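Results of the structural survey
Here is how the chains run, residue by residue.
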Amino acid sequence: MALTGLEIFKLLPKSNCKKCGKPTCLAFAMALAQKKAKLEECPDASEEAKSALAEASAPPISLVKFGKGDGEVQVGQETVMFRHDETFYNPTVIAVSVSDKLAGDALKERIECINSLQFERVGTHLQVNAVAVINESGSADTFASAAETVKKASPLAMILVSDSPGALAAAVSKVSDVRPLLASATSETAQEVAKTAKENNCPVVAQAESVEASAELTEKIKAAGVEDIVLSLKAPSTKDELYGLSEIRAVALKKTFRPLGCPTISFVLEGSAEDQSAKAISLICKYGSIVVVETVERYAILPMLTTVMNIYTDPQKPVQVEAKVYEVGEPNAESPLLMTTNFSLTYYTVESDAEASRVPCYILVVDTEGTSVLTAYSGDKLNEKVVAEAMKKSEVEGLVKHRKLIIPGYVAVMSGKLEEETGWEIAVGPRESSMLPKYLQEVA
Ligand code: SF4
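Now for a quick tour of the structure. (Residues numbered from 1 in each chain as written. Predicted model: local features only at pLDDT ≥ 70, side-chain atom pairs only at ≥ 80, totals over all residues. Heavy atoms only, no water.)

**Let's talk about helix H14 (residues 384-393)**
Here is the rule: Classification of residues uses two cut-offs on accessible area relative to the type maximum, computed with a 1.4 Å probe and protein chains only: under 20% is buried, over 50% is exposed, and between them is partly exposed. Secondary structure elements are taken from DSSP: a helix is a run of H or I of four residues or more, a strand is a run of E of two residues or more, and numbering for both begins at the N terminus. The arc in question is traced by the directions running from the helix axis to the C-beta atoms. Note on contacts: a residue pair qualifies if any of its non-hydrogen atoms lie within 4.5 Å across the two residues. As used in this structure description, the phrase polar contact means that two N or O atoms lie within 3.5 Å; if the pair is within protein, one of them must be able to donate a hydrogen and the other to accept it, and residues adjacent in sequence are counted only when both atoms belong to side chains.
All of the buried residues along H14 are Glu 384, Val 387, Ala 388, Ala 390 and Met 391. Projected onto a plane normal to the axis of H14, the buried residues spread over an arc of 160° and lie on a single side. For H14, the exposed residues set more than 90 degrees away from the buried face come down to Lys 385, Lys 392 and Lys 393. Those residues of H14 hidden inside the fold are in contact with strand S14 (337-341), strand S15 (361-366), strand S16 (404-407) and helix H15 (415-422). Measuring from the side-chain oxygen of the N-cap residue of H14 to the backbone nitrogen of Lys 385 gives 3.0 Å; that N-cap residue is Asn 383. Following H14 by one or two positions, Glu 395 has its phi on the positive side, about 50°.

See below:
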């Protein structure tokens, strides 16, 4: 919990020496409380003050990283219960399981299939982030060998899942250089798994059956020298798990209760692809930092990734595309020129409908701070001056020989003023972009 100015003042030397640039220690303490100064600016601060302030300013939910290089992922360090309060920062990691019962070509095919779970959606690349190797064989050697194969065949981050501390130690000895997440330590195996995690500098999952037991377990693991901990709640149902995860988030943030200030991991390894997708999405929303699924069905994975994308965007900043002229197909100087706004969803809808028409064209995207056509128009972010300026900046005069701009049907009302402002003929396109293919085929 953040310290008040007076609490900080009690920790300072109180000599008012002014070396920090402030007239008194109290003034410096107030500046520190408001995050307008740094403790290093007081050369005489005691070790006690340093550690108390470091403890107080540490994030309520720790940041945990695993994986290596481009495959590295990070989870945790969230600061709010609800996305609209500020934003969520580190997107849920979606992991897909690989059983160590698979071997040879079957194992390689499964890994390739996971690697290929990549998608493009409204201009954003989405993909699965991790592979969870599961020790179903019961053999430490087989588990270690499967982990080694995954390391060689996948650039994704790795999670090693076994109840056996010995199997985890055997597997991590083969793949410690990619810093896997070790799952899991329980109250019975905490010492042994924590020892392996510490020796290999890997984060570890603490698995318990209740929120209270989770808090006790993380303290045990920390006492064994491991700070990077991810919580796994072994609940009897998804409903119980969701309640538990919500309680963990609330206690960590509102009470700054450090033993529960950790990211979480959930396993959804059973049920149909649809069931797994539905459960995973619930967990992504409340408050799964890592969700491991078994399905590799693309239709089940895409909704999960889309949910992550949607709730981990900053609600204050709409997803935008760059304001410029885009080409659809291979347009020439005779091709139609359309106009729309830079709200990502608007642009990609227009682009895909224009593409469906098979009529090559240009799309002039106007900067409306990421708002859609009607919202931009009603907020005066889309008017004749803004469009004229965008046309000038994008040098559309040099792109096409004709002087005709097609505007969205919803802003037909601005056509007169726009004609006066630009001297161009303004054609009013359809209201709904789904009508664009027919419209473009008729005007082309
Ligand atoms: Fe007080 Fe430290 Fe600032 Fe001196 S440098 S006035 S001791 S806070």
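**Some points on the pattern of salt bridges**
Quick reminder of the rule: What makes a salt bridge here is a side-chain nitrogen of Lys or Arg within 4 Å of a carboxyl oxygen of Asp or Glu, nothing more.
Summed over all chains, the structure comprises 9 salt bridges. The salt bridge involving Lys 50 is made with Glu 47; its shortest N-O contact spans 3.5 Å. Remark: Glu 47 and Lys 50 occur in helix H3 (residues 47-57); sequence separation between them is 3 residues, near one turn of the helix. Looking at Glu 47, the relative accessible area reads 59%, which means it is exposed. Here Glu 369 ties to Lys 381 by a salt bridge, and the two come within 3.6 Å at their closest N and O atoms. Here Glu 369 is found in the loop between S15 and helix H13 (373-378), whereas its partner Lys 381 is found in the loop between H13 and H14, with 12 residues between them in sequence. With relative accessibility at 31%, the residue Lys 381 sits in the partly exposed group.

**Some remarks on the packing of aromatic side chains**
Spelled out, the test is: What counts as a ring pair is set by centres within 6.5 Å for rings of Phe, Tyr and Trp (its six-membered ring), and what kind of pair is set by the plane angle: stacked under 30 degrees, edge-to-face over 60, tilted for all other angles.
The tally for this structure, following the rule as stated, stands at 3 aromatic pairs. Between Phe 88 and Tyr 312, the aromatic rings sit 5.6 Å apart at their centres with planes inclined by 50°, giving tilted as the arrangement. Of this pair, Phe 88 sits in the loop between strand S2 (73-76) and strand S3 (93-99) while Tyr 312 sits in the loop between helix H11 (298-311) and strand S13 (325-328), and the two are 224 residues apart along the sequence. What makes Phe 88 buried here is its relative accessible area of 7%.

**Focus on the site of the ligand**
The following threshold applies: Here a residue is considered near a molecule or strand provided that any single heavy atom belonging to it is located within 4 Å of it. All amino acids are sorted into three groups, where Ala, Val, Leu, Ile, Met, Phe, Trp, Tyr, Cys and Pro are nonpolar, Asp, Glu, Lys and Arg are charged, and the leftover types, Gly among them, are polar.
In the vicinity of the ligand, the contacting residues are Pro 13, Ser 15, Asn 16, Cys 17, Lys 18, Lys 19, Cys 20, Cys 25, Phe 28, Cys 42 and Pro 43. Looking at the shell around the ligand residue by residue, the classes come out as 7 nonpolar, 2 polar and 2 charged.

**Some remarks on the sheet that holds strand S9 (residues 204-208)**
Heads up, the rule is: The criterion for strand pairing is that DSSP finds at least two bridges linking the strands in question. Note on method: axes are straight lines fitted to C-alpha atoms, helices fitted across the in-contact stretch only, with angles between N-to-C directions ranging 0 to 180 degrees.
Spatially, the 8 strands line up as an open sheet ordered S10-S9-S8-S7-S6-S3-S12-S11, and their pairing is parallel. Here the strands that pair on one side only, and so sit at the sheet edges, are strand S10 (229-233) and strand S11 (265-268). Neighbour-to-neighbour, the strand axes of the sheet open up by a mean angle of 25°, direction not taken into account. As paired strands, S9 and S10 are joined by 5 bridges and run parallel to one another. Counterpart to Ala 206 in the pairing with S10 is Leu 231. Each of strand S8 (181-185) and S9 touches helix H7 (residues 190-200); the most contacted strand, S8, lies at about 170° to it. Along the sheet, helix H8 (residues 211-223) contacts S8, S9 and S10; its crossing angle with S9, the most-contacted strand, is approximately 145°.

**What to know about helix H5 (residues 140-153)**
Rule in force here: A helix is expected to span 1.5 Å multiplied by its residue count minus one.
With 14 residues, H5 ought to run about 20 Å at 1.5 Å a step, and its terminal C-alpha atoms sit 20 Å apart, in line with that. Residues of H5 that are buried include every one of Phe 143, Ala 144, Ala 146, Ala 147 and Val 150, and no others. Around the axis of H5, the buried residues are gathered within 160° of arc, so they sit on the same side. Exposed side chains of H5 directed beyond 90 degrees from the buried face belong to Asp 141 and Lys 152. Where H5 starts, the residue carrying a side-chain oxygen 3.3 Å from the main-chain nitrogen of Asp 141 turns out to be Ser 139.

**Some remarks on the packing of helix H10 (residues 273-285) against H11**
We count it as follows: Each angle gets one of four labels, with under 35 degrees taken as roughly parallel, over 145 as roughly antiparallel, 65 to 115 as roughly perpendicular, and the rest as oblique.
Running from N to C, H10 and H11 point in directions that differ by 10°, and their axes come no closer than 9 Å. Considering their axes alone, H10 and H11 lie roughly parallel with respect to each other. Contacts between H10 and H11 involve Ala 273, Glu 274, Gln 276, Ser 277, Ala 280, Ile 281, Ile 284 and Cys 285 from the former and Tyr 299, Ala 300, Pro 303, Met 304, Thr 307, Val 308 and Ile 311 from the latter. Here the contact of H10 with H11 is composed, by residue class, of 11 nonpolar, 3 polar and 1 charged.

**Topic: the packing of helix H9 (residues 238-254) against H10**
Spelled out, the test is: Crossing handedness is defined as follows: a turn of the near helix away from the far one that is anticlockwise and smaller than a right angle gives a left-handed crossing, while the clockwise case is right-handed.
The geometry of H9 relative to H10 is characterised by a closest axis approach of 10 Å and an angle of 15° between their N-to-C directions. With respect to their mutual orientation, H9 and H10 come out roughly parallel. The hand of the H9/H10 crossing is right-handed. Between H9 and H10, the residues in contact are Thr 238, Glu 241, Leu 242 and Leu 245 and Lys 279, Ser 282 and Leu 283, respectively. The residue makeup of the contact of H9 with H10, split by class, is 3 nonpolar, 2 polar and 2 charged.

**Focus: the environment of Leu 436**
Along the polypeptide, Leu 436 turns up in helix H16 (residues 436-443). When the C-alpha positions of Leu 436 and Ala 356 are compared, they lie 8.5 Å apart, and in sequence the two are 80 residues distant. Aside from chain neighbours lying at most four places away, what touches Leu 436 is Leu 338, Val 350, Asp 353, Ala 354, Ser 357 and Pro 430.

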